[in-house]
Amino acid sequence: QVQLVESGGGLVQAGGSLRVSCAASGRTFSSYTMGWFRQAPGKEREFVAAISWSGGNAYYADSVKGRFTISRDNAKNTVYLQMNSLKPEDTAVYYCAAGLGGLSFYYAVGKYDYWGQGTQVTVSS
C-alpha cells in the first residue's frame, strides 16, 4: 500500500515557475514508477510526466516537454515536478501516481495503482 500526498500548488503568473511535490508513504517507494497527471475542468485526466524507479529515465507529454522536469529522491520518498515557463493552459489539478511494472504504458491512467488527492495549479495571464 502506498499513500501519496501532493503539495506546492498555487497561483502563478504566466511565464513563472512552480514546483509541486509528492510525498509517499511505505518502504517500497523506490520500486514504483511515478507519474504526474493533470485534469482541467471539463476535461479528462491527462499524462504530464513519468519517471522510472531509479530516476534514470523520464518521459514527458509533448505539451510540457522542455518546460517541465520530473525528478525523484528515493531517500526522501518524494517525487517532484518542476514547472517553468508556465502558461494559462497549464491550469489544472495536478495528481501524482505510483505504479509497478516498469515504464510500460507510462502515459496511461490505468497503469497506476495509487493516486494522490491532487494539488491545484492556476496560471494567470
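Our subject is the structure that appears above.
First, a word on what this report is: a plain description of the structure on this page.

Quick word on the pairing of strand β4 (residues 33-39)
(1) Moving on: With respect to burial, β4 is a largely interior element, 6 of its 7 residues being buried.
(2) Moving on: Judged from the 7 bridges that link them, β4 and strand β9 (residues 92-99) form a sheet pairing that is antiparallel. Across the sheet, the residue bridging to Arg 38 is Tyr 94, located in β9.
(3) Moving on: Turn length for the β4-strand β5 (residues 46-51) hairpin, with the two strands adjacent in sequence and antiparallel, is 6 residues, and the turn residue Gly 42 shows positive phi of about 80°.

Some words on the packing of aromatic side chains
By convention here, two paired aromatic rings are described through the distance between centres and the angle between planes.
(1) Moving on: Under the criterion given, the structure shown has 9 aromatic pairs.
(2) Moving on: When the centroid spacing of 5.3 Å and the interplanar angle of 65° are considered together, the rings of Phe 47 and Tyr 106 count as edge-to-face. With Phe 47 in strand β5 and Tyr 106 in the loop between β9 and β10 (114-115), this pair connects stretches of sequence that are 59 residues apart.
(3) Moving on: Overall, Phe 47 belongs to the buried group, its relative accessible area being 13%.
(4) Moving on: Joined through ring pairs, the aromatic side chains of Phe 37, Phe 47, Tyr 59, Phe 105, Tyr 106, Tyr 107, Tyr 112 and Trp 115 make up one cluster.
(5) Moving on: The ring of Tyr 95 carries the charged tip of Arg 45 above its face, separated from the ring centre by 3.7 Å.
(6) Moving on: Against the face of Trp 115 rests Arg 45, its NZ or CZ located 4.9 Å from the ring centre.

Reading the values: rules and limits
In this numbering scheme, every chain counts its residues from 1 along its sequence in written order. Totals for whole chains, interfaces and linings use every residue, but because this is a predicted model, local features are given only for residues with pLDDT of at least 70 and side-chain atom pairs only at 80 or more, for both listing and counting. Hydrogens are left out, water is left out, and the side-chain values use all remaining heavy atoms of the structure. Note on exposure labels: buried denotes an accessible area under 20% of the residue type's maximum, exposed denotes more than 50%, and partly exposed covers the range between, all computed with a 1.4 Å probe on protein chains only. By definition, any uninterrupted DSSP run of H or I lasting at least four residues is a helix, any uninterrupted run of E lasting at least two residues is a strand, and each is numbered from the N terminus. DSSP-based pairing: two strands are paired if at least 2 bridges between them are found. Between the rings of Phe, Tyr and Trp (Trp by its six-membered ring), a pair exists once the centres lie within 6.5 Å; its type follows the angle of the planes, with under 30 degrees stacked, over 60 edge-to-face, and the other angles tilted. The criterion is that NZ of a Lys, or CZ of an Arg, lies within 6 Å of the ring centre and within 35 degrees of the ring normal, and then a charge sits over that ring.

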